[in-house]
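Report on the structure
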Amino acid sequence: MKMTDLTFEKIQNYDPLNRRADASGMVTEWVARNEYGNAVAFGNTKAECQADARRYVASQNQKLK
């Protein structure tokens, strides 16, 4: 598995009580999805999500050995 097998998506949720919410109460998060559309990595920023995705890819490649 490679990082290019994953798709990254920015999602927004309404949560006015979250400390990261903007003025309208929206919180932005990132998710990485595999080829089946399952969410496999998450992050508050794209960089955090990519780091989590790298860990996921490494663990999947480890299982294949």
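It should be noted that the structure appears before, not after, this text.
Here is what the cut-offs are and how they apply
- Residues numbered from 1 in each chain as written.
- Predicted model: local features only at pLDDT ≥ 70, side-chain atom pairs only at ≥ 80, totals over all residues.
- Heavy atoms only, no water.
- Helix = DSSP H or I, 4+ residues; strand = E, 2+ residues; numbered from the N terminus.
- Buried < 20%, exposed > 50% of the residue type's maximum accessible area, 1.4 Å probe, protein only.
- Contact = heavy atoms within 4.5 Å.
- Areas by Shrake-Rupley, 256 points an atom, 1.4 Å probe, with all protein chains shown as cover.
- Pairing = 2+ DSSP bridges.
- Salt bridge = Lys/Arg side-chain N within 4 Å of Asp/Glu carboxyl O.
- Expected span 1.5 Å × (residues − 1).
- Arc of directions from axis to C-beta.

Turning to the overall build of the protein chain, a few remarks are in order. Looking only at helices and strands, one finds one helix and three strands in the protein chain. Listing every helix and strand of the protein chain by position from the N terminus yields β-β-β-α. Seen through its C-alpha atoms, the protein chain measures out along the principal axes to roughly 45 × 20 × 15 Å. Per-residue burial over the protein chain gives 22% buried out of 65 residues. Taking contacts inside the protein chain between residues at least 6 apart in sequence as the whole, the part at least 24 apart equals 32%. Surface accessibility of the protein chain: about 4,700 Å² in total, with carbon and sulfur atoms responsible for 50%.

Turning our eyes to something else, we now look at the pairing of strand β2 (residues 26-33). Bridging between strand β1 (residues 7-14) and β2 involves eight bridges; their strand directions are antiparallel. Bridge pairing in β2 links Gln12 to Thr28. Relative to strand β3 (residues 39-43), β2 runs antiparallel, the two sharing four bridges. Directly across from Val31, in β3, lies its bridge partner Phe42. Between the end of β2 and the start of β3, which pair antiparallel, lie five residues, with Gly37 showing a positive phi angle near 90°.

Attention now moves to the pattern of salt bridges. Under the criterion given, the structure shown has three salt bridges. Arg33 serves as the salt-bridge partner of Glu9, at 2.8 Å between the closest nitrogen and oxygen. Within this pair, whereas Glu9 is found in strand β1, its partner Arg33 is found in strand β2, the two being separated by 24 residues in sequence. Residue Arg55 pairs with Asp52 through a salt bridge whose shortest N-O separation is 3.5 Å. With Arg55 and Asp52 both in helix α1 (residues 46-64) and three residues apart, the pair spans about one turn of that helix. Look at Arg55 and you get exposed, because its relative accessible area is 54%.

On to α1. For the α-helix, the turn length of 3.6 residues means that residues three or four positions removed from each other point alike. Relative to the 27 Å expected for 19 residues at 1.5 Å per residue, α1 spans 27 Å between its end C-alpha atoms, a close match to the ideal helical length. Every buried residue belonging to α1 is among Cys49, Ala53, Tyr56 and Val57, and all of these are buried. Along α1, the residues classed as buried sweep out an arc of 100° about the axis, all on the same side. Relative to its buried face, α1 has exposed residues pointing more than 90 degrees away, namely Ala47, Arg55 and Gln62. On its buried side, α1 packs onto β1, β2 and β3.

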